[in-house]
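This is what each chain is made of:
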2 protein chains.
Amino acid sequence: MAQISIQQLLVTEPKSQDVEVNGWVKTFRSNRFIALNDGSTINNIQCVVDFENFDEKTIKAINTGAALNIKGKLIESQGKGQDVEIVVEEIYVHGAADPESYPIQPKKHSLEFLREKAHLRVRTNTFSAIMRLRSALAFAVHDYFQRNGFYYFHAPIITGSDAEGAGEMFRVTTLDEKNPPLTEEGRVNYKEDFFGKETNLTVSGQLEAEAYAMGLGKVYTFGPTFRAENSNTSRHLAEFWMIEPEMAFYDLSMNMDLAEDFIKSVLRYVLEHCKDDLKFLEKRLLDEEKTKPQAERSEMALIEKLRFVVDNNFKRVTYTEAIDILRNSKPNKKKKFEYPIDEWGADLQSEHERFLVEKHFKCPVILFDYPAKIKAFYMRLNEDGKTVRAMDVLFPGIGEIVGGSQREERLEVLQQKMADLGIEEEELWWYLELRKFGTAVHSGFGLGFERLVLFVTGMGNIRDVIPFPRTPQNASF
Amino acid sequence: MAQISIQQLLVTEPKSQDVEVNGWVKTFRSNRFIALNDGSTINNIQCVVDFENFDEKTIKAINTGAALNIKGKLIESQGKGQDVEIVVEEIYVHGAADPESYPIQPKKHSLEFLREKAHLRVRTNTFSAIMRLRSALAFAVHDYFQRNGFYYFHAPIITGSDAEGAGEMFRVTTLDEKNPPLTEEGRVNYKEDFFGKETNLTVSGQLEAEAYAMGLGKVYTFGPTFRAENSNTSRHLAEFWMIEPEMAFYDLSMNMDLAEDFIKSVLRYVLEHCKDDLKFLEKRLLDEEKTKPQAERSEMALIEKLRFVVDNNFKRVTYTEAIDILRNSKPNKKKKFEYPIDEWGADLQSEHERFLVEKHFKCPVILFDYPAKIKAFYMRLNEDGKTVRAMDVLFPGIGEIVGGSQREERLEVLQQKMADLGIEEEELWWYLELRKFGTAVHSGFGLGFERLVLFVTGMGNIRDVIPFPRTPQNASF
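Since the structure is predicted, the reported quantities are computational estimates derived from the model, not experimental observations.

Participant: What is the right way to look at the overall build of chain A in this model?
Facilitator: Scanning chain A for helices and strands turns up 14 helices and 16 strands. Reported as C-alpha extents along the three principal axes, the dimensions of chain A are approximately 85 × 60 × 45 Å. Counting the 477 residues in chain A, one finds 60% classified as buried. Contacts in chain A between residues at least 24 apart in sequence constitute 67% of all its contacts with a sequence separation of at least 6. As displayed, chain A offers around 20,000 Å² of accessible surface, 45% of which is attributable to carbon and sulfur atoms. Chain A carries 61 positive and 74 negative side-chain charges, and their two centres are separated by 6 Å.

Shown next as structure tokens:
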């Protein structure tokens, strides 16, 4: 008999036909009703057992977490809550789960407890729903770009340059850990390392993606990136996945259009394909928020919030406009901001971004045309000589979800900028050559994938939306 | 005017309508015919210029590699070789490419030369075709698994264990490079490192994927993996992308079915979606092989070879049968093998695999049921007590493209195997727990993505099918 997933089984017309199914026991009620789940869906199939037909040993092994193979007949359900159920004829126990020692019992576990059990937490409803959504979102990303003429590009993970300066890096080495070879000057001799030079884990694939955009036109990366920052917050991971589209012949305005269309498209995809998981997570969030004071609860339920983003235009605001709004805002005047906004040029903090998005505009916001001084060297300088064509997409509850820019395509301007910042030209000779040969207007952005998953699942801690989180002092599993 | 890609333009009905297009000059013939390409396709659009209408400076800037914006009318082509062309009305030069210094001139460059110019080589026909195919293959992988009920799972890249023992690893660290902190015993004190322990780059996501398969049922990884082996061959990279599906309730036979169906499906996808690029690479390969003696040329052209794999069953052969065939083979009797096959238990070398695939069976082969001694500890022991449910898929010209197995799901057997090999249980406590709680038959395999790209593109060196290859002494760009 062909194997069939529970997801498929639940939409099969019941005709008392023979079916065979594998899965894990969620619950076993009254020695009669097994709720079986195989991970294909949040929903269980009810398997009805006449316990008198089975030996005691089998019945005793039917505990939460046990893996079973069940054969029986698929019939219209006699009870409420499901359309079909299985009248069980045979049970084979693949593997038991001793209720005394199996940690994932049918009760509420704290998220902190489950982080310690990252190898088992995907067996809970919450984490299976999150991880199915994560998978659907990842596919929606590929689907969007491939439908729109982008080519997927694998940026290198091990890199010989720290040019972007986006943050602290992890060193990658095979040199002797304790007594590395030294040069005559007494420095570590990286010429003897695996790659013949000092290498690190990438913080961004952007610069390489630019090289590919100048050949293939429109490309995107989707791969792991790394920051060795000692940030133990609910928003930071040392290892996370990033999506970085890069497009030749795109200016900043087209870049904003793309970012907005892209985000809406992937949200539309999960609204359409992941209804059951979203409903489950929406209810989870409502239950969680019931324990909070009214003022801290979300104004919208999860699915409503996603629909709101899909259905409304993102508000586009220049940095200069944003500074005006912030300067004249109540919290600024009442000195409620930790970092008061005094003058143009100030870097925006999370509190400012949240004020703009959650209090002032009450919708996703794209801030653009930032002061050059607070942005990266590769961003296109505007004609005013003091702002660059940078953009950040800010989301309620999440803050910055996308950061991007039009890139500086003029060789001399880029060289000047690098000189001002003390970046050696020989470090980035190849990046400069992109401007020497057939340079053109181009743009791109980066989207932190886990922040998107946070937004879609309504979870509060980024450690709960990646299978095995890497954070300071933690690389378990 | 909306931007349109050259791929779209080439299939647009010409009605003398206004069009605008961006791209790079491939060639400029007779001061009249610009072949323009934007990376969206291997094909160029012909732009016809009446040079008397343009100033000399513009005409002089139209060199190979220059980036142009062209406005004009789309008409039925007057010449041969294309259906439509543009009568040029306006030209804007985004960026010139000085023919004296731009390295990618319209002539044949060696692959070795282009590896030194990895930031520019995607502007050539060969590499743009390879990289578009790579992108299509990657999407075909996601598409196949998502259509078949698999969930995409991101295995961790930084790992705290070297349990699989699949090869030498790269160390990931933020400790002082020259004077790392030491313990009282004089060893490097990894407790002070970023993760509080020694960490490395992953060699495989399999063990973590098993944990996820035991919750979500069917999962797959597609991410970078690393080997710090000093292998300077045309088949090895230090950083490469691997696809690893892992399925609960699958035995070895289902695993073989999946591997075969999966490979055929992704090949079918590119045969359908990448005709022009495949035709270009087929011709490239034919031209290349013309320089070789007849005996070294391929028996099939590229597309024919892909169709052959799609249309024929992979031959399934036990290791034991394979040893018999090899022992009695001509090259073995005539002592032509570097490693003669004497007895059962010998590890198969590349020369043996190629004999089986290319000379004996002349089709893809799945070898299975290998001696336990030459395979990894986690593979399911057969009832004979000496073989394991391992499988390798062998491809002509490529060798092993897939390696997989049914996994040992019995706790005691796995513990015994680990004890025999000296693997500490506390290193893999969580992996063992998968066998303690709801264990079940499960299987999976790994496919080296670059080997698949090699096969599909007909290229001979793995450095030419990944954007920025990482090999010993090379981490440029």
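Continuing now.
Participant: Would you mind showing me how to read the interface of chain B and chain A here?
Facilitator: Size of an interface, as often reported, equals the accessible area lost when the parts are brought together. Across the boundary between the two partners, chain B contributes 111 residues, which contact 112 residues of chain A. For the pairing of chain B and chain A, the buried interface totals around 8,900 Å² over both sides, and the portion due to carbon and sulfur atoms is 64%. One can count 0 salt bridges joining chain B with chain A. Along the contact surface separating chain B from chain A lie 37 residue pairs in polar contact (both at pLDDT 80 or more). With 10 residues, helix H4 (residues 125-147) of chain B is the single largest residue contributor to the side of chain B that touches chain A. A breakdown of the residues in the side of chain B that touches chain A according to their chemical character gives 58 nonpolar, 32 polar and 21 charged. Note: strand E8 (residues 171-173) of chain A against strand E8 (residues 171-173) of chain B, 3 bridges, orientation antiparallel. Note that in E8 of chain B the partner of Arg171 of chain A across the bridge is Thr173 of chain B.

Participant: Honestly, the pattern of salt bridges in this entry has me stumped. Any pointers?
Facilitator: A side chain with one charge can pair with a side chain of the opposite charge if their charged atoms come near. Evaluation of the coordinates by the stated rule reveals 50 salt bridges over all chains. With its nearest N and O atoms 3.2 Å apart, the salt bridge here joins Asp143 of chain A to Arg147 of chain A. Taken as a pair, Asp143 of chain A and Arg147 of chain A lie in helix H4 (residues 125-147) at a separation of 4 residues, close to a single helical turn. On the basis of relative accessibility, which here comes to 17%, the residue Asp143 of chain A falls in the buried class. Glu383 of chain B is the salt-bridge partner of Arg380 of chain B, the closest N and O atoms lying 3.7 Å from each other.

Participant: Is there a simple way to think about the packing of aromatic side chains in this case?
Facilitator: Given two aromatic rings, their pairing is described by the distance between the two centres and the angle made by the two planes. The final tally for this structure, using the stated rule, is 61 aromatic pairs over all chains. On the numbers, 5.0 Å between centres and 45 degrees between planes, the contact of Phe249 of chain A with Trp24 of chain B is tilted. Here the residue Phe249 of chain A occupies a position in the loop between strand E11 (239-248) and helix H6 (252-273), and Trp24 of chain B occupies one in strand E1 (residues 17-29), the pair thus bridging two chains. Each member of the pair, Phe249 of chain A together with Trp24 of chain B, is buried.

Participant: Sorry, what's going on with the relation of the copies chain B and chain A here?
Facilitator: Superposition of the two copies of the chain requires a rotation about an axis together with a shift along that axis. The two copies are related by a screw motion: chain B maps onto chain A through a turn of 180 degrees and a shift of 0.0 Å along the axis, at an RMSD of 0.0 Å. Both chain copies can therefore be described as sitting about a two-fold axis. In terms of C-alpha distance to the rotation axis, chain B has Val172 of chain B as its closest residue, with the C-alpha 2.5 Å off the axis. Of all interface residues in chain B, 100% are interface residues in chain A too; the two copies therefore contact each other through one and the same surface.

Participant: What am I meant to see in the sheet that holds strand E15 (residues 399-406) of chain B here?
Facilitator: Pairing between the strands of a sheet is mediated by backbone hydrogen bonds and can be parallel or antiparallel. Residues and elements named next belong to chain B. Spatially, the 8 strands line up as an open sheet ordered E6-E10-E11-E16-E15-E14-E13-E12, and their pairing is mixed. In this open sheet, the two edge strands, each paired with only one partner strand, are strand E6 (151-152) and strand E12 (315-318). Here E15 pairs with strand E16 (residues 442-448) via 5 bridges, running antiparallel. Within E16, the position partnered with Gly403 by the bridge is Gly446.

Participant: Could you clarify how one ought to interpret the sheet that holds strand E7 (residues 158-159) of chain B in this entry?
Facilitator: On the basis of which strands lie adjacent, the open sheet formed by 6 strands has the order E7(A)-E9(A)-E8(A)-E8(B)-E9(B)-E7(B) and antiparallel pairing. Single-partner strands in this sheet number two, and they are strand E7 (158-159) of chain A together with E7 of chain B.

Participant: For this particular structure, what's the right way to read H4 of chain B?
Facilitator: Side chains of residues three or four places apart in an α-helix project in the same direction, reflecting 3.6 residues per turn. Residues and elements named next belong to chain B. With 23 residues, H4 ought to run about 33 Å at 1.5 Å a step, and its terminal C-alpha atoms sit 32 Å apart, in line with that. Burial within H4 is extensive, with 21 of its 23 residues counted as buried. Once H4 finishes, Gly149 follows within two positions and takes phi at roughly 80 degrees, a positive value.

Participant: Would you mind showing me how to read the environment of Thr233 of chain B here?
Facilitator: Residues and elements named next belong to chain B. Note on placement: Thr233 falls in the loop between strand E10 (218-226) and strand E11 (239-248). Looking at Thr233, the relative accessible area reads 30%, which means it is partly exposed. For the pair Thr233 and Thr471, spaced 238 residues apart in sequence, the C-alpha to C-alpha distance is 9.2 Å. At 2.9 Å, the side chain of Thr233 forms a polar contact with the backbone nitrogen of Arg235.

Participant: Would you explain the confidence of the model for chain A in this entry?
Facilitator: Predicted coordinates in regions of low pLDDT should not be interpreted in detail. For chain A, the average pLDDT comes to 95, and 99% of its residues sit at 70 or higher. Per the prediction output, this complex has pTM 0.97; the corresponding ipTM is 0.97.

Participant: I keep staring at unusual backbone geometry and nothing clicks. Help me out?
Facilitator: The bulk of non-glycine residues show a negative phi, and the bulk of peptide bonds are trans. Residue and element names in this part refer to chain B. Its identity is not glycine, yet Ser16 carries a phi of approximately 55 degrees, on the positive side. Relative to the helices and strands, Ser16 is located in the loop between helix H1 (6-9) and E1. On the basis of relative accessibility, which here comes to 42%, the residue Ser16 falls in the partly exposed class. One non-glycine residue, Phe477, adopts positive backbone phi at about 75 degrees. On the secondary structure map, Phe477 appears in the segment after helix H14 (449-457).

Participant: Got a minute to help me understand the packing of helix H12 (residues 411-421) of chain A against helix H13 (residues 429-436) of chain A in this structure?
Facilitator: Helix packing geometry: the angle between the two helix axes and the distance between the axes. All names here are of chain A. As a packed pair, H12 and H13 sit with axes 9 Å apart at the nearest point and diverge in direction by 155 degrees. One element, H12, and the other, H13, form an angle in the roughly antiparallel class. Here H12 contributes Leu411, Leu414, Gln415 and Met418 to the contact with H13, which in turn contributes Tyr431, Leu432, Arg435 and Lys436. For the contact of H12 with H13, the residue count by class is 5 nonpolar, 1 polar and 2 charged.

Participant: What should I look at first to understand the domain arrangement of chain A in this one?
Facilitator: All names here are of chain A. Per the domain assignment, the segments of chain A are domain 1 (6-107) and domain 2 (123-168 + 203-464). On a C-alpha basis, the centres of domain 1 and domain 2 stand 44 Å from each other. Every contact between the two is made by 8 residues of domain 1 and, on the other side, 9 residues of domain 2. For the pair domain 1 and domain 2, the summed buried area comes to about 700 Å², and 49% of that belongs to carbon and sulfur atoms.

Participant: Even after reading the chapter, I still don't get the pairing of strand E13 (residues 365-371) of chain A, so can you show me in this structure?
Facilitator: Regular strands have side chains that alternate between both faces of the sheet. All names here are of chain A. Within E13, 6 of the 7 residues are buried, which leaves it mostly tucked inside the rest of the structure. Relative to E13, strand E12 (residues 315-318) runs parallel, the two being bridged by 4 bridges. Bridging from a neighbouring strand, Val317 pairs with Leu367 of E13. For E13 and strand E14 (residues 387-395), the ladder comprises 6 bridges, and the chain directions are antiparallel. Note that in E14 the partner of Phe368 across the bridge is Met391.

Participant: So what exactly am I meant to see when it comes to the pairing of strand E2 (residues 33-37) of chain B here?
Facilitator: All names here are of chain B. For E2, a buried count of 4 out of 5 residues is recorded, marking the element as mostly surrounded by other parts of the structure. With 5 bridges joining them, E1 and E2 adopt antiparallel strand pairing. Bridging from a neighbouring strand, Thr27 pairs with Ala35 of E2. Hairpin connection from E1 to E2: 3 residues lie between these consecutive antiparallel strands, with Ser30 at a positive phi of about 55 degrees. Pairing between E2 and strand E3 (residues 45-48): 4 bridges, direction antiparallel. From the neighbouring strand, Leu36 faces E3, where its bridge partner is Ile45.

Participant: Quick question: what am I supposed to make of a negative patch on the surface here?
Facilitator: Among the surface-exposed residues, Glu424, Glu425, Glu426 and Glu427 of chain A lie close enough to one another that they form a single negatively charged patch. If you trace the backbone, Glu425 of chain A turns up in the loop between H12 and H13.

Participant: Would you take a moment to explain the environment of Val88 of chain B for this structure?
Facilitator: All names here are of chain B. Here Val88 lies in strand E5 (residues 84-95). Residue Val88 is classed as buried on the basis of its relative accessible area of 8%. Val88 sits 184 residues away from Glu272 along the chain, and the two C-alpha atoms are 33 Å apart. Dropping the residues within four chain positions of it, Val88 is found in contact with Cys47, Val48, Val49, Phe54, Ile70, Lys71 and Gly72.

Definitions and cut-offs
- Residues numbered from 1 in each chain as written.
- Chains lettered and ligands numbered in written order.
- Predicted model: local features only at pLDDT ≥ 70, side-chain atom pairs only at ≥ 80, totals over all residues.
- Heavy atoms only, no water.
- Helix = DSSP H or I, 4+ residues; strand = E, 2+ residues; numbered from the N terminus.
- Buried < 20%, exposed > 50% of the residue type's maximum accessible area, 1.4 Å probe, protein only.
- Contact = heavy atoms within 4.5 Å.
- Areas by Shrake-Rupley, 256 points an atom, 1.4 Å probe, with all protein chains shown as cover.
- Lys, Arg positive; Asp, Glu negative; His and termini not counted.
- Charge placed at Lys NZ, Arg CZ, Asp CG, Glu CD.
- Buried area = accessible area lost by both parts, 1.4 Å probe.
- Salt bridge = Lys/Arg side-chain N within 4 Å of Asp/Glu carboxyl O.
- Polar contact = N/O pair within 3.5 Å; in protein donor to acceptor, adjacent residues only side chain to side chain.
- Nonpolar A, V, L, I, M, F, W, Y, C, P; charged D, E, K, R; others polar.
- Pairing = 2+ DSSP bridges.
- Phe/Tyr/Trp six-rings, centres within 6.5 Å; stacked < 30°, edge-to-face > 60°.
- Least-squares fit on C-alpha atoms with pLDDT ≥ 70 in both.
- Expected span 1.5 Å × (residues − 1).
- pLDDT = per-residue confidence, 0-100.
- Axes fitted to C-alpha atoms, helices over the stretch in contact; angles between N-to-C directions.
- Parallel < 35°, antiparallel > 145°, perpendicular 65-115°, else oblique.
- Domains from an automatic or database assignment.
- Patch = residues over 30% accessible without salt bridge, like charges linked within 9 Å, V, L, I, M, F, W, Y side chains within 5 Å.

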